[in-house]
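# Structural description and commentary
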Amino acid sequence: MNQKFLEELKLLYHICFAKNRGENHKERMENYFAPQASAYDGFRKRLLHGREALYQNLPTPENGIWIELGGGTGQCLEYLGDRIRSLKKIYLVDLSPSLLKVAKERCSANEWTNVECIEADASLFKLPENEKADVITLCYSLSMIPSWFQTLDQCHKLLKDSGQIGVIDFYLSRKHPIKDHHPRQGVISRIFWPLFFMGDDVILNADHLAYLDERFLELAFKSSKGKIPYTPLKAPYYQFVGQPKRYEEGARV
């Protein structure tokens, strides 16, 4: 059998059935991702759909600041092409040292001198004083962050008024979606997909999109389905692009 095929089957089994162990979220993430790090990008390229389209449609303002939360190996930054060099700074934030090691190697190979890889909790990450971000991205990472609501609140604080947040992740709808163009899922889908992913701490939550809509003005939204390699299954996912909503003085900020 082809070696790559066997490695990817092992990865798929790990994603679907391996139990994450650890005393805290960081330990669980590292124990989960460390065995996958060397083969992470190739398999994820066929599992995590829609990423390239999202990144190509986000702005890269001259001397701008970009934050990649849950950035893993930094593979998504390659979708920016030469535009990456127009940015002043990119902060690639992740909790897994194994994935960040691959990210640092990628930065070196591509001579991305403006990318800084930071081992940190996405919900607690802060910029240096007086800096604000032009773009923040969460690429299939929001569903792996326990304090996801705190993370989105932090994104709201970190973004410029004109800044944009881009989120792409697996989709789970509410029984009654908050907007007509957000797809409605049947009860079987709403039960099946959380169960399918929960073993590896990918926690689908029907409130993700609702809270994004609460904190950010929707500029673009797309939903679709992407094939899971070596299975007949197609997992639903969404793309959301928004700008921070600002509130009157004394209200929520």
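Reference entry: report on the structure contained in this document. All values derive from a computational prediction rather than experimental measurement.

### A look at the pattern of salt bridges
Within the structure shown, the criterion is met by nine salt bridges. One salt bridge in this structure joins R215 and D153, with 3.0 Å as the shortest N-O distance. With R215 in helix α8 (residues 207-215) and D153 in helix α6 (residues 148-158), the pair connects residues that are 62 residues apart, well separated along the chain. In this structure, R246 engages D161 in a salt bridge whose closest nitrogen and oxygen atoms are separated by 2.7 Å. One end of the pair, R246, is in the segment after β7 (234-244); the other, D161, is in strand β5 (residues 159-170), with 85 residues separating them in the sequence.

### Quick word on a nonpolar patch on the surface
A contiguous nonpolar surface patch, about 690 Å² in accessible area, is contributed by V187, I188, I191, F192, L195, M198 and I203. Along the chain, I188 falls in helix α7 (residues 187-198).

### Here we look at empty space enclosed by the protein
Rolled over the atoms, a probe as big as a water molecule pinpoints where empty space is left. Within this structure, the stated rule accounts for two cavities of 30 Å³ or more. In this model, the second largest cavity occupies a volume close to 70 Å³. Taken together, Y171, L172, S173, R174, P177, I178, H182, A206, L209 and A210 form the lining of the second largest cavity. Here the residues of the lining of the second largest cavity are counted per class, giving seven nonpolar, two polar and one charged.

### Some details on the packing of α6 against α8
Relative orientation of the contacting elements α6 and α8 amounts to 25°, with a least axis distance of 11 Å. In terms of axis orientation, α6 runs roughly parallel to α8. The way α6 lies across α8 gives a crossing that is right-handed. Residues W148, F149, L152, D153 and H156 of α6 touch α8, and the partners they reach there are D207, H208, Y211, L212 and R215. When the residues that make up the contact of α6 with α8 are grouped by side-chain class, the tally is five nonpolar, two polar and three charged.

### As for the environment of E119
Along the polypeptide, E119 turns up in strand β3 (residues 115-119). What makes E119 partly exposed here is its relative accessible area of 41%. C-alpha of E119 to C-alpha of L100: the two residues are 19 residues apart in sequence and 7.4 Å apart in space.

### Here we look at the sheet that holds strand β2 (residues 89-94)
Spatial ordering of the open sheet is given by β3-β2-β1-β4-β5-β7-β6, a layout of seven strands whose pairing is mixed. Pairing within the sheet leaves two strands with one partner each, and these edge strands are β3 and β6 (216-227). Across this sheet, the average inter-strand angle for adjacent strands is 15°, counted without regard to direction. For β6 and β7, the ladder comprises eleven bridges, and the chain directions are antiparallel. Bridge pairing in β7 links F216 to P244. The sheet contacts of helix α5 (residues 97-110) involve β2 and β3, and relative to β3 the element is tilted by about 170°.

The rules behind these values
Residue positions are given per chain, counted from 1 along the sequence in the order it is written. It should be noted that, the model being predicted, local features are given only for residues of pLDDT at least 70 and side-chain atom pairs only at 80 or more, the latter also being counted only at that level, while totals for whole chains, interfaces and linings use all residues. Hydrogens are left out, water is left out, and the side-chain values use all remaining heavy atoms of the structure. Any Lys or Arg side-chain nitrogen located within 4 Å of an Asp or Glu carboxyl oxygen qualifies as a salt bridge. Starting at the N terminus, helices and strands are each numbered in turn, a helix being any DSSP run of H or I of at least four residues and a strand any DSSP run of E of at least two. For patches, a residue must show more than 30% relative accessible area and have no salt bridge; joins then use 9 Å for like charges and 5 Å for nonpolar side chains, namely Val, Leu, Ile, Met, Phe, Trp and Tyr. Computed with a 1.4 Å probe, the accessible areas rest on the Shrake-Rupley method; for each residue, only the protein chains presented here act as cover. Note on definitions: the grid is 1 Å and covers protein atoms alone; a cavity is a set of points where a 1.4 Å probe fits but cannot get out; a pocket is an open set with protein on both sides within 12 Å along at least five of seven lines; lining residues have an atom within 4 Å of a point. Grid points are joined across faces, edges and corners, and a volume is the space filled by probe spheres set on the points. Under the grouping applied here, Gly and all other residues not named as nonpolar or charged are polar, the nonpolar ones being Ala, Val, Leu, Ile, Met, Phe, Trp, Tyr, Cys and Pro and the charged ones Asp, Glu, Lys and Arg. In this description, a line fitted to the C-alpha atoms serves as the axis of each element, helices being fitted only across the stretch in contact, and the angle between N-to-C directions of two axes falls anywhere from 0 to 180 degrees. Angle categories are assigned with fixed cut-offs, so that under 35 degrees is roughly parallel, over 145 is roughly antiparallel, 65 to 115 is roughly perpendicular, and the rest are oblique. In a left-handed crossing the near helix is turned counterclockwise from the far helix by less than a right angle, and in a right-handed crossing that turn is clockwise. The contact rule is simple, with two residues in contact once any of their heavy atoms fall within 4.5 Å. Per-residue accessibility, obtained with a 1.4 Å probe over protein chains only, is compared with the maximum for each type, and a residue is labelled buried under 20%, exposed over 50%, and partly exposed between these values. When DSSP finds two or more bridges between a pair of strands, those strands are recorded as paired.

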